[in-house]
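# Descriptive analysis of the structure
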Amino acid sequence: MEKDADISRVAIVVKWNHPDAVAIGTSLGKWLESRNVQASLFENAEPGVGGFVGGEVCLPDVGLIVVLGGDGTLLSAVRKNRCEAPILGVNLGGLGFLTEISIGELYPTMERVLTGDFETQARTILNTAVFRKNKQLAEYSVLNDAVINKAALARMIRLHTYVDGLFLNSFRSDGLIVSSPTGSTAYNLSAGGPILYPTLDCVVLTPICPFTLSNRPIILPDSCAIEICIGEKAQDVTLTFDGQVGLDLESGDIVKVMKAKNKVLLVKSPWADYFKILRTKLNWGDEQ
């Protein structure tokens, strides 16, 4: 329980270009204000632009962030959350892996949150930095994954991979996914990687369509420092962060991935547990 949580200020993040999300967010803001809670509405900017429609880059210092949209909207909010406030994800469609609350459960859940009757779950963040000729080009934090991938018509790439300075393998493949446990049900799952319980202290490396079928996913402690060097003759190679921000890579570039010091706090649904969400999203069948 989060009985000591200060929920006097709330940021509401709504999906970009989604009129229903804006309307629901506006109504939620008025509902919160009627309960003496200060609420601010932020609409995500167009994908690829970053920030919010009003020009803000980061979310303000608040006690809670409510996300109205889908898992992609929540991932965007995580990158813009500098105060490390708990995040409550509300899926405007059905049920998401990250946005666990349905729209019909929004207000009953908020009633519980305002009284401190809620739980959070800490999720690992991965810091990903790119270096070219010993100069850092970019750095992003990801909740799901960092993915190195080639263009559709480009040849396979070699990715020389090291763990804590020790050589692991030179993957010859279409790419490589470095995924947190939270992201194990995203691209990692589609590429044949394992499902990891989201609070595990580990990271998984999953090659994409490897040339050698013995190159399988490998699970490592999240205390490891992972370095991936882009091999010779690489062309049309990109690195994407949570599938939303991208960067072009060249031969010799080095991608470094390490666990971040801070974690993301996600408000747990009082109505559905993680395994129920798995069964629903993956169509595993009915409960016994």
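See the structure printed just above.
Residues numbered from 1 in each chain as written. Predicted model: local features only at pLDDT ≥ 70, side-chain atom pairs only at ≥ 80, totals over all residues. Heavy atoms only, no water.

## Thoughts on the layout of surface pockets
If you add up the space inside the largest pocket, you get close to 780 Å³. Lining the largest pocket are 33 residues, and of these Ser76, Arg79, Lys80, Gln244 and Val245 lie nearest its centre. When grouped by side-chain class, the residues that make up the lining of the largest pocket number 14 nonpolar, eleven polar and eight charged. (1 Å grid on protein atoms, 1.4 Å probe; cavity = no way out; pocket = protein on both sides within 12 Å on 5 of 7 lines; lining within 4 Å. Points joined across faces, edges and corners; volume = space filled by probe spheres on them. Nonpolar A, V, L, I, M, F, W, Y, C, P; charged D, E, K, R; others polar.)

## A look at empty space enclosed by the protein
Summed over all chains, the structure comprises one cavity of 30 Å³ or more. Considered as a void within the structure, the largest cavity measures approximately 30 Å³ in volume. The element that contributes the greatest number of residues to the lining of the largest cavity is strand S17 (residues 254-267), accounting for three residues. (Helix = DSSP H or I, 4+ residues; strand = E, 2+ residues; numbered from the N terminus.)

## Quick word on helix H2 (residues 71-79)
In terms of residue burial, H2 counts as a mostly covered element, since seven of its nine residues are buried. Along H2, the positions that sit buried rather than exposed are Thr73, Leu74, Leu75, Ser76, Ala77, Val78 and Arg79. (Buried < 20%, exposed > 50% of the residue type's maximum accessible area, 1.4 Å probe, protein only.)

## So, the pairing of strand S11 (residues 175-179)
The element S11 is extensively covered by neighbouring structure, given that five of its five residues are classed as buried. Direction of pairing for strand S8 (residues 145-150) relative to S11: antiparallel, over a ladder of five bridges. When the sheet's bridge partners are listed, Asp145 is paired in S11 with Ser179. Bridge count between S11 and strand S12 (residues 202-208): five bridges; the pairing is antiparallel. Residue Val178 lies in a different strand from S12, and its bridge partner there is Leu205. (Pairing = 2+ DSSP bridges.)

## Re helix H5 (residues 274-282)
Those residues of H5 that fall on the buried side of the exposure criterion are Tyr274, Ile277 and Leu278. One side of H5 holds all its buried residues, which, seen down the axis, span an arc of 105°. Looking at where H5 begins, the residue whose side-chain oxygen comes 2.9 Å from the main-chain nitrogen of Phe275 is Asp273. One or two residues past the end of H5 sits Asn283, with phi positive at roughly 55°. (Arc of directions from axis to C-beta. Polar contact = N/O pair within 3.5 Å; in protein donor to acceptor, adjacent residues only side chain to side chain.)

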